Amino acid sequence: MYVHFDGSPGNKLPLLLSAYQYRFNRDLEAMSRHLIDDVHIGWEELGTDLLDGAPTAVRNALTGGAEFPSRQLTGVCNVDGSPAERVLITPEGTGDLEWAYVLRSHGVEVIDLQGYDRGPVVGWDTDPRSRIVPHPGAWIPHSRAPIVPPRSTPRLSTTASPSAPAPSKTALR
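Thresholds applied
- Residues numbered from 1 in each chain as written.
- Predicted model: local features only at pLDDT ≥ 70, side-chain atom pairs only at ≥ 80, totals over all residues.
- Heavy atoms only, no water.
- Helix = DSSP H or I, 4+ residues; strand = E, 2+ residues; numbered from the N terminus.
- Buried < 20%, exposed > 50% of the residue type's maximum accessible area, 1.4 Å probe, protein only.
- Contact = heavy atoms within 4.5 Å.
- Areas by Shrake-Rupley, 256 points an atom, 1.4 Å probe, with all protein chains shown as cover.
- Phe/Tyr/Trp six-rings, centres within 6.5 Å; stacked < 30°, edge-to-face > 60°.
- Pairing = 2+ DSSP bridges.
- Axes fitted to C-alpha atoms, helices over the stretch in contact; angles between N-to-C directions.
- Parallel < 35°, antiparallel > 145°, perpendicular 65-115°, else oblique.
- Left-handed = near helix turned anticlockwise from the far one by under 90°.
- Nonpolar A, V, L, I, M, F, W, Y, C, P; charged D, E, K, R; others polar.
- Expected span 1.5 Å × (residues − 1).
- pLDDT = per-residue confidence, 0-100.

## What to know about the overall build of the protein chain
1) Next: For the protein chain, the helix and strand inventory stands at 3 helices and 7 strands.
2) Next: Order of helices (α) and strands (β) in the protein chain, N terminus to C terminus: α-α-β-α-β-β-β-β-β-β.
3) Next: Taking all 173 residues of the protein chain together, 33% fall into the buried category.
4) Next: In the protein chain, 53% of the contacts between residues at least 6 apart in sequence involve partners at least 24 apart.
5) Next: Element-wise, carbon and sulfur atoms account for 53% of the exposed surface of the protein chain, whose accessible area totals about 11,200 Å².

## Thoughts on the packing of aromatic side chains
1) Next: Within the structure shown, the criterion is met by 2 aromatic pairs.
2) Next: Geometrically, the ring pair formed by W99 and W139 is edge-to-face, given 6.4 Å between the ring centres and 85° between the ring planes. Taken together, the residues span a long stretch of sequence, with W99 in strand β3 (residues 99-104) and W139 in the loop between β6 (131-132) and β7 (147-148) at a distance of 40 residues. The same class applies to W99 and to W139, which are both buried.

## Points about the pairing of β3
Residues in a regular strand project their side chains so that they alternate between the two faces of the sheet.
1) Next: One ladder, built from 6 bridges, connects β3 with strand β4 (residues 107-112); its direction is antiparallel. Along β4, the bridge assignment pairs W99 with D112.
2) Next: Linking two consecutive strands that pair antiparallel, namely β3 and β4, is a turn of 2 residues.

## Brief notes about the packing of helix α1 (residues 9-23) against helix α2 (residues 28-37)
1) Next: Orientation of α1 relative to α2, taken along the N-to-C sense of each, is 125°, at an axis distance of 9 Å. Of the possible angle classes, the one that applies to α1 and α2 is oblique. Handedness of the α1/α2 crossing: right-handed. Listed contacts from α2 to L16, A19, Y20 and R23 of α1 are L28, M31, H34 and L35.
2) Next: A breakdown of the residues in the contact of α1 with α2 according to their chemical character gives 6 nonpolar, 1 polar and 1 charged.

## What to know about the sheet that holds β3
1) Next: Taking strand neighbours across the sheet as the criterion, the 3 strands line up as β3-β4-β5 in an open arrangement whose pairing is antiparallel. Of all the strands in the sheet, the pair left with one neighbour each is β3 and β5 (121-123). Each neighbouring strand pair of the sheet contributes to a mean axis angle of 25°, computed without reference to strand direction.
2) Next: With 3 bridges joining them, β4 and β5 adopt antiparallel strand pairing. Bridged to V108 within β5 is V122.

## Brief notes about α1
1) Next: Compared with the 21 Å implied by 1.5 Å per residue over 15 residues, the 19 Å span of α1 between its first and last C-alpha is a close match.
2) Next: Of all 15 residues in α1, 11 are buried; the element is thus mostly enclosed.
3) Next: Along α1, the positions that sit buried rather than exposed are P9, K12, L13, P14, L15, L16, L17, S18, A19, Y20 and Q21.
4) Next: One or two positions beyond α1, positive phi appears at N25, with a value near 45°.

## Some remarks on the confidence of the model for the protein chain
1) Next: In the predicted model, the protein chain carries a mean pLDDT of 86, and 88% of its residues have values of at least 70.
2) Next: Here residues 168-173 is modelled with pLDDT under 50, and outside its nearest four sequence neighbours on either side it reaches 0 contacts, counting other chains as well.

If you want it as structure tokens, here you go:
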């Protein structure tokens, strides 16, 4: 299904992962129905409503607190003035599109359409707060997806602060 605004993996993949994990409770069929089957023509934009049910920490990490709704394309006409009809994107009809996302049972296949007809699959359990490399050349078929999981613990300093007490030594017996 066509999505007009900002299709890069850094923007779309976190929304898709969160939607699957939280809004649709890991129900791929329900998610596919919402994103593909129930759409009249296409999407103008995928919004933060896809984050419904996500923990506040996830929402804030992905949006910085911004809220905007998903919007379907409306008022679209063909060149001859007739109403536009729904067009599904197929491998043969990608035109000038840059990215494609294929919802698979085990994850989202991310395809750099300018270079490949396949792409790596990002597992559904991937943390949506992960750092996602947006460069098209990084999304090579049959390779690991260029994603770095978020750090779960703060980075520790290698030097003690001047006000920190010296560690006590325990005598060996």
